[in-house]
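Residues per chain, in single letters:
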Amino acid sequence: MAKTILITGASSGLGAGMAREFAAKGYHLALCARRLERLEALKQELENQFSVQVSIKVLDVTHYDDVFTVFKDFQQEFGTIDRIIVNAGVGEGRRIGKGHFEINRATAETNFISALAQCEAAVEIFRVQNKGHLVVISSMSAMRGLPKHLSTYAASKAAVAHLAEGIRAELLNTPIKVSTIFPGYIRTELNEGAKKLPFEVDEKTGCRALVKAIEKAPIKAYVPQWPWLPVGIAMKILPLKLVNKLS
Ligand SMILES: NC(=O)c1ccc[n+]([C@@H]2O[C@H](COP(=O)([O-])OP(=O)(O)OC[C@H]3O[C@@H](n4cnc5c(N)ncnc54)[C@H](OP(=O)(O)O)[C@@H]3O)[C@@H](O)[C@H]2O)c1
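Now for a quick tour of the structure. (Residues numbered from 1 in each chain as written. Predicted model: local features only at pLDDT ≥ 70, side-chain atom pairs only at ≥ 80, totals over all residues. Heavy atoms only, no water.)

So, on to the site of the ligand. In the neighbourhood of the ligand, 31 residues make up the surrounding shell, with S11, L14, R34, Y153 and T188 lying closest. G9 is positioned such that a nitrogen or oxygen atom in its backbone is 2.9 Å from an oxygen atom of the ligand. Between an oxygen atom of the ligand and a side-chain N or O atom of K157, the distance comes to 2.9 Å. Surface burial for the ligand is 95%, taken as the share of its 870 Å² of free accessible area covered by protein chains. Within the residue set of the shell around the ligand, elements represented by two or more residues are α1 (13-24) and α5 (151-170). Residues belonging to the shell around the ligand are distributed by class as follows: 13 nonpolar, 13 polar and five charged. (Near = heavy atom within 4 Å. Polar contact = N/O pair within 3.5 Å; in protein donor to acceptor, adjacent residues only side chain to side chain. Areas by Shrake-Rupley, 256 points an atom, 1.4 Å probe, with all protein chains shown as cover. Helix = DSSP H or I, 4+ residues; strand = E, 2+ residues; numbered from the N terminus. Nonpolar A, V, L, I, M, F, W, Y, C, P; charged D, E, K, R; others polar.)

Structural data, given as structure tokens:
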């Protein structure tokens, strides 16, 4: 029987791109985000192309109670949710100490507290099912503290990576698997307008690589693996003035 994947932040970028790749592999999809028109268009596109069931729901992940309700509703609709991808995120951020606490706070909230709510809701479902695959989308920026507009973003992505590892530790030796994914630069709306980014790939290439990695249910994956696996190792040991060049 076809398996079901729930993806948050599925209205654009990596969420929508992964939905396309997973639909092509025959997975049913439970997709959510705030922009309903985008989700409706994606549902139609996928159902026209593939014989899969696509269910969509509006969800603002910063409305924490709604995260639990929407995830449970999806679970009831499909019976079993086999994989949940905690993907919704924002790339907004400002230099620290320049009067933009509200923007940085919103980034920290969406990327970390909302991810915590999604992990809680996902693991609750998986505990009842006694199976499931939790996938947390972190970022290569989680490897080190980063300057400029990336400080809060990088910290939020390090936080979700640590959270995912803690959940993995909690669930060791159970049928529930936890993967932490560290994407490098993939061109999406998140980094729209940015000058050429180091080692950037387009959305399609990035999403193909993400899905290939996620299908293996790894503990961790750096995506695309080349060059981000060695770059990740280098980022952890290089002096900050060299790491800064990646931001
Ligand atoms: N692109 C990269 O280079 C890159 C690299 C590393 C990690 N990542 C991570 O990958 C994830 C996806 O990013 P992307 O590049 O695909 O960016 P994107 O195209 O801007 O997509 C972000 C998605 O998150 C959703 N979202 C944002 N705030 C939300 C909220 N409050 N409630 C519900 N959904 C929300 C957006 O949907 P709505 O606006 O419709 O709600 C959208 O679907 C993020 O976690 C990002 O940090 C991206």
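So, about the pairing of strand β1 (residues 4-8). For β1, the buried fraction is high: five of the five residues fall into the buried class. Residues T4, L6 and T8 point to one face of β1 and I5 and I7 to the other, with burial holding for every one of them. As defined by bridge partners, β1 adjoins strand β2 (residues 28-33) across five bridges and the pair is classed as parallel. Within β2, the position partnered with L6 by the bridge is A30. What joins β1 to β2 is α1, and the crossover it makes is right-handed. As paired strands, β1 and strand β4 (residues 83-86) are joined by three bridges and run parallel to one another. Bridge pairing links I5 to R83 in β4. (Buried < 20%, exposed > 50% of the residue type's maximum accessible area, 1.4 Å probe, protein only. Pairing = 2+ DSSP bridges. Right-handed = clockwise from strand over helix to strand, strands pointing away.)

On to a positive patch on the surface, then. Side chains of R95, K98, K148 and K195 sit close together on the surface and give a patch of like positive charge. Looking at the secondary structure, you find K98 in the loop between β4 and α4 (101-129). (Patch = residues over 30% accessible without salt bridge, like charges linked within 9 Å, V, L, I, M, F, W, Y side chains within 5 Å. Salt bridge = Lys/Arg side-chain N within 4 Å of Asp/Glu carboxyl O. Lys, Arg positive; Asp, Glu negative; His and termini not counted. Charge placed at Lys NZ, Arg CZ, Asp CG, Glu CD.)

A cis geometry characterises the amide bond from V223 onward to P224, with omega recorded as -15 degrees. Residue placement: P224 occurs in the loop between β7 (220-223) and α7 (225-237). W226 connects to P227 through a cis peptide bond whose omega is 10 degrees. Phi at N130 takes a positive value of approximately 55 degrees, unusual for a residue other than glycine. Among the structural elements, N130 can be located in the loop between α4 and β5 (132-137). With phi around 60 degrees, F199 is a residue other than glycine that occupies positive phi space. Residue class for F199 comes out partly exposed when judged on its relative accessible area of 44%.

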